[in-house]
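# Chains, contacts and geometry: an overview
Chain by chain, the residues:
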Amino acid sequence: MDNYGGSLLDNGAGAAHCLGMPHDDPDHPHELLPPDPALRVKALETILTKKGLVDPAALDEIIDIYENKIGPRNGAHVVAKAWNDPAFMAALLEDATPVVADLGYYGRQGEHMVAVENTDAVHNMVVCTLCSCYPWPLLGIPPTWYKSDAYRARAVREPRAVLADFDVTLPDETAVRVWDSTAEVRYLVIPQRPDGTEGLSVDELMALVTRDSMIGTGLARTP
Amino acid sequence: MTRVHDMGGRFGDGPVTPEPEGEVFHEDWHKRALAITLAAAAHGKWNIDISRHARERLAPKDYARFSYYEKWMAGLADLLVDTGLVSRAELAGAAPDVSSDTSRTLRAEGVAPMLAAGGPADRPSDVPQQFQPGDAVVTRRISANRLVDGGHTRLPVYAAGACGCVLRVHGTHILPDSSAHRLGEAAEPLYAVVFPASELWAQPEHPKDEIVLDLWQSYLVPA
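Each residue is numbered by its place in its chain's sequence as written, counting from 1. The lettering of chains begins at A and the numbering of ligands begins at 1, in the order of writing. For this predicted model, a pLDDT threshold of at least 70 governs which residues receive local features, and a threshold of 80 or more governs which side-chain atom pairs are given and counted, while totals over whole chains, interfaces and linings are taken from all residues. To get the side-chain values, all heavy atoms of the structure are used, and hydrogens and water are removed first.

### Regarding the overall build of chain A
A tally of regular secondary structure across chain A gives ten helices and four strands. In sequence order, the secondary structure elements of chain A are arranged as α-α-α-α-α-β-β-α-α-α-β-β-α-α. Counting the 223 residues in chain A, one finds 61% classified as buried. Should any heavy atoms of two residues lie within 4.5 Å, those residues are counted as being in contact. A sequence separation of at least 24 residues applies to 67% of the contacts in chain A between residues at least 6 apart. Where accessible areas are quoted, they stem from the Shrake-Rupley method and a 1.4 Å probe; at the residue level, only the protein chains shown are allowed to cover. Total accessible area on chain A stands at roughly 8100 Å², and carbon and sulfur atoms take up 54% of it. For the purposes of this entry, the term helix denotes a DSSP run of H or I that reaches at least four residues, the term strand denotes a run of E that reaches at least two, and both are numbered from the N terminus. Burial classification: accessible surface area is computed with a 1.4 Å probe over protein chains only, and a residue below 20% of its type maximum counts as buried, one above 50% as exposed, and the rest as partly exposed.

See below:
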């Protein structure tokens, strides 16, 4: 999630852990902080603020953006628009990044977007087994379950059992395709459009598009 | 061999617990942890691969017992000391010195532009593209960083030594195995590779199911 520093990246004196040396190194400075998580965060914020390295007003702004501005309604907008506009859907499936950028949904953790469409033949589902990669500009901050060991461990091996935890059962003729987000490419699932939604507007359709349906652990709501 | 974070396919983690869409953060300190992590990264002392590796090289016992944002805080604390932004004494409670360089400290007005700019991971590369969609490929038999023993890699153990088929070409992207250790961006072709579930699991849930991973060219050989 952090930006690549590119050529601006300081090569960091003393970054012994990061350099080419054996990595069974037990040195963990984080153990110097208080063990209680809330106190840990408070201590870090206080140290960084006093050093002038973090501005609390910037922290408030980051939180406000992810609590109130960037979230799964962005993705729902994209899906509803795709349902209602075949040319938009085709462009989205061809190369999603510029298409969602045109709607204002480019940014951190959504630099390389791929949209995958659910059909009767295939149901797509997204996971990050190695960490918690997720398309932030379209879906916001991932839910706790997406970041949980249980989801990360099980989604690739038994996606249908995981879907059952979400009360979703797929027909036997539908294949499940699980996308493990191992690089900087982020995946958006386009859920199947529910029956009986012909003639609905983009705004009306958006209300049917849940966060989970865009991860692939849910289906779109029926009206 | 990779590390404790590489949990795809593991047994024993229990059910996945869904949660409602509206709850972005569950504790006040979670918000602050996320915001501090993003703000600290603005100093350009590390990239996303370095920060991922900082979490992955937590002691396995800590990785397993820490909640999500506790892992972030521990990884951040270790990075702050590694890169010299914060001293051990300061982490341990000594009065913090004002930093000598606060020129890149993120301010409130800089937050939205920073998030909107993102950090794309595609780069030009001289490495010729070896595979096309439809080509059969095999992943390295051993999932491990070839540059640094015990270092960062994005080939999960569960997909090592497996035969799949190239589905998409994502262009040329920074190689995390190099970038995480400050050894250069080393961009090379990145592919989405699809594997039948039966290639990865002893007891696949369904004969039609598939798993897709994003894999760098150097993780692959022709089948």
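### Focus on the interface of chain B and chain A
Facing the 123 residues of chain B at the interface are 109 residues of chain A. The quantity reported as buried area is the accessible area (1.4 Å probe) lost by two parts once they are put together, taken as the sum for both. Where chain B abuts chain A, roughly 10300 Å² becomes buried across the two surfaces, and 58% of that area is made up of carbon and sulfur atoms. It is Val16(B), Glu21(B) and Arg182(B) that lose the most area in chain B upon contact with chain A, and together they represent 7% of the buried surface on that side. Think of a salt bridge as a Lys or Arg side-chain nitrogen and an Asp or Glu carboxyl oxygen that are within 4 Å of each other. Inspection of the chain B/chain A interface yields eleven salt bridges. The salt bridge involving Arg32(B) is made with Asp60(A); its shortest N-O contact spans 2.8 Å. Between N or O atoms, a polar contact is any pair within 3.5 Å; within protein, one atom must be a potential hydrogen donor and the other a potential acceptor, and residues adjacent in sequence are included only when both atoms are from side chains. Here chain B and chain A share 50 residue pairs in polar contact (both at pLDDT 80 or more) between them.

### Some details on the sheet that holds strand E3 (residues 188-196) of chain B
The pairing criterion is simple: DSSP has to find at least two bridges between the two strands. The seven strands are arranged E2(A)-E3(A)-E4(B)-E3(B)-E2(B)-E1(B)-E5(B) in an open sheet whose pairing can be described as mixed. Edge strands, defined here as strands with exactly one partner in the open sheet, are strand E2 (122-127) of chain A together with strand E5 (220-222) of chain B. Going from strand to strand, the sheet's axes swing by 35° on average, the running direction of each strand aside. In terms of strand pairing, E2(A) meets strand E3 (residues 175-180) of chain A through six bridges, oriented parallel. Counted as the bridge partner of Val127(A) is Asp180(A) from E3(A). Axis definition: a line fitted to C-alpha atoms, over the contacting stretch in the case of helices. Angles run 0 to 180 degrees between N-to-C directions.

### Overview of the domain arrangement of chain B
All names here are of chain B. An automatic or database domain assignment is the source of the domain bounds shown. Domain assignment breaks chain B into domain 1 (28-117) and domain 2 (136-222). In this structure, domain 1 and domain 2 have C-alpha centres spaced 28 Å apart. Each side of the interface is counted separately: domain 1 has nine residues, and domain 2 has ten residues. Here domain 1 meets domain 2 over a buried area of about 690 Å², counting both sides, of which 45% is carbon and sulfur. Summed over the three residues of domain 1 that lose the most area to domain 2, namely Asp-49, Ile-50 and His-53, the buried surface amounts to 63% of that side. Applying the counting rule to domain 1 against domain 2 returns zero salt bridges. Counting every contact that joins domain 1 to domain 2 gives four residue pairs in polar contact (both at pLDDT 80 or more). Charged means Asp, Glu, Lys or Arg here, nonpolar means Ala, Val, Leu, Ile, Met, Phe, Trp, Tyr, Cys or Pro, and polar covers whatever is left, Gly included. By residue class, the composition of the side of domain 1 that touches domain 2 is two nonpolar, three polar and four charged.

### Re the UniProt feature "domain: Nitrile hydratase alpha/Thiocyanate hydrolase gamma" (unreviewed entry) in chain A
Summarizing the sequence annotation, UniProt attributes the feature "domain: Nitrile hydratase alpha/Thiocyanate hydrolase gamma" (unreviewed entry) to residues 37-217 of chain A in the numbering used throughout. For residues 37-217 of chain A, the helix share is 46%, the strand share is 13%, and the end-to-end C-alpha distance is 30 Å. UniProt positions are given in the numbering used here, feature names are shortened, and annotations may be inferred rather than shown by experiment.

### Considerations on the domain arrangement of chain A
Its domain assignment divides chain A into domain 1 (35-69) and domain 2 (73-215). Once you take the C-alpha centre of each, domain 1 of chain A and domain 2 of chain A turn out to be 31 Å apart.

### Section: helix H6 (residues 108-117) of chain B
Residues and elements named next belong to chain B. Within H6 the residues assigned to the buried category are Val-111, Met-114 and Leu-115. Take H6 and look down its axis: the buried residues cluster within an arc of 95°, on one side only. After H6 finishes, the residue Gly-118 shows a positive phi value of roughly 65°. When we speak of the arc, we mean the arc of directions from the helix axis to the C-beta atoms.

### Here we look at the pattern of salt bridges
All names here are of chain A. Per the stated rule, a full pass over the model turns up 24 salt bridges over all chains. With its nearest N and O atoms 2.6 Å apart, the salt bridge here joins Arg-154 to Glu-158. The partner of Asp-165 in a salt bridge is Arg-154, and the shortest N-O contact between them spans 2.9 Å. Placement of Asp-165 in helix H8 (residues 159-165) and of Arg-154 in helix H7 (residues 149-154) is noted, with a sequence separation of eleven residues between them. Among the residues examined, Asp-165 registers a relative accessible area of 25% and is labelled partly exposed. Salt bridges here are not isolated pairs; linked through shared partners, they connect Arg-154, Arg-157, Glu-158 and Asp-165.

### Considering the packing of aromatic side chains
Two numbers describe a pair of aromatic rings. These are the distance of the centres and the angle of the planes. Working definition: a ring pair exists when centres of Phe, Tyr or Trp rings (six-membered ring for Trp) sit within 6.5 Å. Plane angles under 30 degrees give stacked, over 60 give edge-to-face, the rest tilted. Applying the stated criterion to the full structure yields 13 aromatic pairs over all chains. A connected cluster of aromatic rings, assembled from ring pairs, spans Tyr134(A), Trp145(A), Tyr146(A), Tyr151(A) and Phe166(A). Working rule: Lys NZ or Arg CZ, within 6 Å of ring centre, within 35 degrees of ring normal, means a charge sits over the ring. Against the face of Phe88(A) rests Lys81(A), its NZ or CZ located 5.1 Å from the ring centre. Directly above the ring of Phe11(B) sits Arg157(A), whose terminal nitrogen or CZ lies 3.4 Å from the centroid.

### Structural notes on the packing of helix H1 (residues 37-50) of chain A against helix H1 (residues 28-41) of chain B
Direction vectors running N to C along H1(A) and H1(B) enclose 40°, while the axes themselves pass 9 Å from each other. As judged from the angle between their axes, H1(A) and H1(B) are oblique. Our pair here, H1(A) against H1(B), has a crossing hand that is left-handed. Along its contact with H1(A), which presents Pro37(A), Ala38(A), Val41(A), Glu45(A) and Leu48(A), the element H1(B) presents Trp29(B), Arg32(B), Ala33(B) and Ile36(B). Of the residues contributing to the contact of H1(A) with H1(B), the split by class is seven nonpolar, no polar and two charged. Under this scheme an angle from 65 to 115 degrees is roughly perpendicular, one under 35 degrees roughly parallel, and one over 145 degrees roughly antiparallel; angles in between are oblique. Should the near helix be turned anticlockwise from the far one by less than a right angle, the crossing is left-handed, and should it be turned clockwise, the crossing is right-handed.

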